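# Residue-level structure breakdown
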Amino acid sequence: MKRIVSRKKIDIEWGDCDPAQIVHFPRYFFFFDACTAALFKKAGLFKRKMLQTYQIVGIPLVDVRASFMAPSRFGDVVVVDSEIVEWGRSSFCVRHRLFNGKVLSVECLETRVWATHSAADPEKLEGKPVPREVIAMFSGEKRARRVRTHSRRKKS
């Protein structure tokens, strides 16, 4: 099964860096959050529409791990490859790999939850099962189904 991978280029700006001109570690998490949004967009899930269509409040981060192997500095242009590597019932894991040139500089694993307001307590959030059609959009299944449906219509 082919997975969707989003590739995002990021210019390292002065404001991303500490006084030593090395990217300050929290900025990577800002980059990765934007890369998750770009991944969903590439799959055809624009955030505003996704929230309305699936009656969710978002896909909040509930766990994150990162390995910092090489620094990135002011003026560098890095590339982040992002993909969903695991689906749970109401959660999923996104892997981000940040390359500075050909060097893997940072690898990050995020666990996010398909979240809605709790029916028992609207002040709380709870996981909601990720719709099968959403999972299919990340494997190309939905596009393939659309093509088959379109082909059937032509034959009729």
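An account of the accompanying structure is given in this report. (Residues numbered from 1 in each chain as written. Predicted model: local features only at pLDDT ≥ 70, side-chain atom pairs only at ≥ 80, totals over all residues. Heavy atoms only, no water.)

## Overview of the overall build of the chain
The condition is simple: Segments assigned H or I by DSSP are reported as helices when at least four residues long, segments assigned E as strands when at least two residues long, and all are numbered from the N terminus. Only protein chains enter the area calculation, which uses a 1.4 Å probe; residues under 20% of their type maximum are buried, those over 50% are exposed, and those in between are partly exposed. By the convention used here, residues are in contact when the closest approach between their heavy atoms is within 4.5 Å. Under the convention used here, a 1.4 Å probe and the Shrake-Rupley method define accessible areas, while residue burial counts only the protein chains that appear.
Scanning the chain from N- to C-terminus turns up four helices and seven strands. In the chain, the succession of α and β elements from N to C terminus is β-α-α-β-β-β-β-β-β-α-α. Across the 156 residues of the chain, 35% fall into the buried class. Partitioning the contacts of the chain with sequence separation of at least 6, the portion at a separation of at least 24 is 64%. Surface summary for the chain: the accessible area is close to 9,800 Å², and the carbon and sulfur share equals 54%.

## Here's the deal with the nonpolar core
Side chains of nonpolar character tend, in soluble globular proteins, to be buried together. Heads up, the rule is: Definition of nonpolar core: a set of buried residues of the types Ala, Val, Leu, Ile, Met, Phe, Trp, Tyr and Cys, connected through side-chain atoms within 4.5 Å.
Ranked by size, the top nonpolar core spans 17 residues in total, and within it F40, L45, M50, W114 and F138 carry the most contacts. At the level of elements, α1 (25-42), α2 (47-54), β4 (91-100) and α3 (132-137) are the ones that each hand at least two residues to this core. Non-local contacts of F40, meaning those with residues more than four positions away in its chain, are made with L45, M50, I59, I84, F92, W114 and F138. By size, the runner-up hydrophobic cluster in this structure holds 13 residues, among which are C17, F31, V106 and C108.

## Regarding the packing of aromatic side chains
Rule in force here: Any Phe, Tyr or Trp ring, taking Trp's six-membered ring, that has another such ring centre within 6.5 Å forms a pair; planes under 30 degrees apart are called stacked, those over 60 apart edge-to-face, and the others tilted.
Per the counting criterion, the structure on display carries 11 aromatic pairs. What links up through ring pairs into an aromatic cluster is the set Y28, F29, F30, F31, F32 and F68.

## Digging into the pattern of salt bridges
Definition in use: Salt bridges are counted wherever a side-chain nitrogen of Lys or Arg sits within 4 Å of a carboxyl oxygen of Asp or Glu.
One pass over the full model with this rule turns up six salt bridges. Residue R65 pairs with D63 through a salt bridge whose shortest N-O separation is 2.5 Å. Since its relative accessible area comes to 34%, D63 is described here as partly exposed. One salt bridge in this structure joins E83 and R95, with 2.5 Å as the shortest N-O distance. Taken together, the positions of E83 in strand β3 (residues 77-87) and R95 in strand β4 put the pair 12 residues apart, joining distant regions of the chain. Under the relative-accessibility criterion, R95 is labelled partly exposed at 24%. Each of D33, E110 and R112 takes part in a single network of salt bridges with overlapping partners.

## Concerning the pairing of strand β5 (residues 103-113)
The following threshold applies: DSSP-based pairing: two strands are paired if at least 2 bridges between them are found.
Where strand β2 (residues 61-68) meets β5, seven bridges bridge the pair, whose relative direction is antiparallel. Paired with F68 across the strands is V106, a residue of β5. Bridge count for β4 against β5 is 10 bridges, and the pairing is antiparallel. Its bridge partner lying in β5, L98 is registered against V106. The antiparallel pairing of β4 with β5 creates a hairpin that spans two residues between the two strands, and G101 there sits at a positive phi of about 70°.

## Here's the deal with the environment of S91
Mapping S91 onto the fold places it in strand β4. Overall, S91 belongs to the partly exposed group, its relative accessible area being 24%. In this structure the C-alpha to C-alpha distance between S91 and K128, which are 37 residues apart in sequence, comes to 8.5 Å. Leaving out residues up to four positions away in the same chain, S91 has contacts with T111, R112, V113 and V130.

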